[in-house]
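Chain and residue survey
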Amino acid sequence: QKMPPSLPATINIREPRWDQSTFQGRAKHFFMVTDPRNLLLSGATLEEARRVVEDYRAGTVQPGLTEDQLWRAKYIYDSAFHPDTGEKMILVGRMSAQVPMNMTITGCMLTFYRTTPAVLFWQWVNQSFNAIVNYTNRSGDAPITPSQLGTAYVSATTGAVVTALGLKSLTKHLPAIIGRYVPFAAVAAANCINIPLMRQRELKLGIPVTDENGNRLGESTAAAQKAIFQVVVSRIGMAAPAMAIPPVIMNMLEKRAFLKRYPYLNAPLQVGLVGLCLVFATPLCCALFPQKSSMPVSSLEPEVQDQIRKKDPWLETVYFNKGL
């Protein structure tokens, strides 16, 4: 039996498999990155994927390895190991945990929104989870200090709780369906606080900007502002369908005899509906903006523009990593 031809050592597995300049390519990439099934993989499978990827990067191609197997190993590796440090990430902080964790937390936020203790508890759980995700996916280039993490965590939790309780008191005399949207407003407000605080170092010192070939040209705070704005928009977009569609369905179901007869099905139904929305919303909203974002040189700060003009007078566009 003939052995399959050996795989060339020239495939760039540091980049995603699909074209990231198109929404479709980015969506395919993030469907792989956020696949919850990656959480079920054994330690041995993760270590095997790490071995395949590290060997291939070092120029060693395992006999009989196919291109599909290589890409599968790359996405398994990326799902569990930090891209900068190579450390195995905390299970609940991985991108593949986003759907099951958010589905449970959001489902409970939407179910138990009527009492103040429940609002406080689930907003606190949600912000604790966000802090773990932000810490786990921190940049190796600009690490988050414990004091920054603590400040962002306390500020986001306070912002979410104040928004939720404030809106809850305002919506007391309005139709029940409006009260169901209070958790979404609180989550949106918390994202607007949490992400800029988590990345305050980037807002002060700037993020690296490069030319098309990845050559570093300097650090820009204008690029950092654009990157953080895009992340806030995609995080709020991620939460929107899961927190906007189930309340309408649940409001209709609660008026029917079925839920009145089986009230204990309220929470499981809500969690299931949220999960269905998140399976699609999470990767599609991650894909809204390219990971390698860009902006015109003319939009950067004057001193950064001068720095770039000295290196390359004709350069019109710079690129930067927007983060997640």
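Residues numbered from 1 in each chain as written. Predicted model: local features only at pLDDT ≥ 70, side-chain atom pairs only at ≥ 80, totals over all residues. Heavy atoms only, no water.

For helix α10 (residues 221-254), spanning 34 residues, the distance from its first C-alpha to its last is 49 Å, which sits close to the expected 50 Å at 1.5 Å a residue. The largest bend along α10 measures about 30 degrees and falls at Ala240, with the proline Pro241 one to four residues further on. Regarding α10, its N-cap is Ser220, as a side-chain oxygen of that residue lies 3.2 Å from the backbone nitrogen of Ala222 further along. (Helix = DSSP H or I, 4+ residues; strand = E, 2+ residues; numbered from the N terminus. Expected span 1.5 Å × (residues − 1). Bend = angle between axes of the 7 residues up to and from the residue. Polar contact = N/O pair within 3.5 Å; in protein donor to acceptor, adjacent residues only side chain to side chain.)

In terms of domain boundaries, the protein chain breaks down into domain 1 (23-88) and domain 2 (95-280). A separation of 28 Å is found between the C-alpha centroids of domain 1 and domain 2. (Domains from an automatic or database assignment.)

Another aspect to go through is empty space enclosed by the protein. Per the stated rule, a full pass over the model turns up one cavity of 30 Å³ or more. Size it by volume and the largest cavity reaches roughly 310 Å³. Elements with a contribution of two residues or more to the lining of the largest cavity: α4 (98-111), α5 (116-136), α8 (182-198), α10 and α12 (266-286). Per element, the largest residue contribution to the lining of the largest cavity is six residues, and it comes from α10. (1 Å grid on protein atoms, 1.4 Å probe; cavity = no way out; pocket = protein on both sides within 12 Å on 5 of 7 lines; lining within 4 Å. Points joined across faces, edges and corners; volume = space filled by probe spheres on them.)

By volume, the second largest pocket amounts to about 230 Å³. Together, 16 residues line the second largest pocket, and Tyr113, Arg114, Lys168, Thr171 and Gly179 are the ones closest to its centre. Counting only elements with at least two residues in the lining of the second largest pocket, the list comes to α5, α6 (146-170), α7 (176-179) and α8. The element that contributes the greatest number of residues to the lining of the second largest pocket is α5, accounting for three residues.

Here we come to the packing of aromatic side chains. All told, the structure shown has five aromatic pairs when counted by the stated rule. Residues Trp18 and Tyr75 carry aromatic rings whose centres are separated by 6.0 Å and whose planes lie at 35 degrees to one another, so their mutual orientation is tilted. Of the two residues, Trp18 sits in the segment before α1 (23-33) while Tyr75 sits in helix α3 (residues 67-80), which places them 57 residues apart along the sequence. Aromatic pair Phe31 and Phe280: ring centres 6.5 Å apart, planes at 75 degrees, arrangement edge-to-face. (Phe/Tyr/Trp six-rings, centres within 6.5 Å; stacked < 30°, edge-to-face > 60°.)

Those residues of helix α13 (residues 302-311) that sit buried are Val304, Gln305 and Ile308. Down the axis, α13 shows its buried residues gathered within 100 degrees of arc, on one side only. Among the exposed residues of α13, those oriented more than 90 degrees off its buried face are Pro302, Glu303 and Lys310. Check the buried side of α13 and you find it contacts β2 (216-220) and β4 (317-321). (Buried < 20%, exposed > 50% of the residue type's maximum accessible area, 1.4 Å probe, protein only. Arc of directions from axis to C-beta. Contact = heavy atoms within 4.5 Å.)

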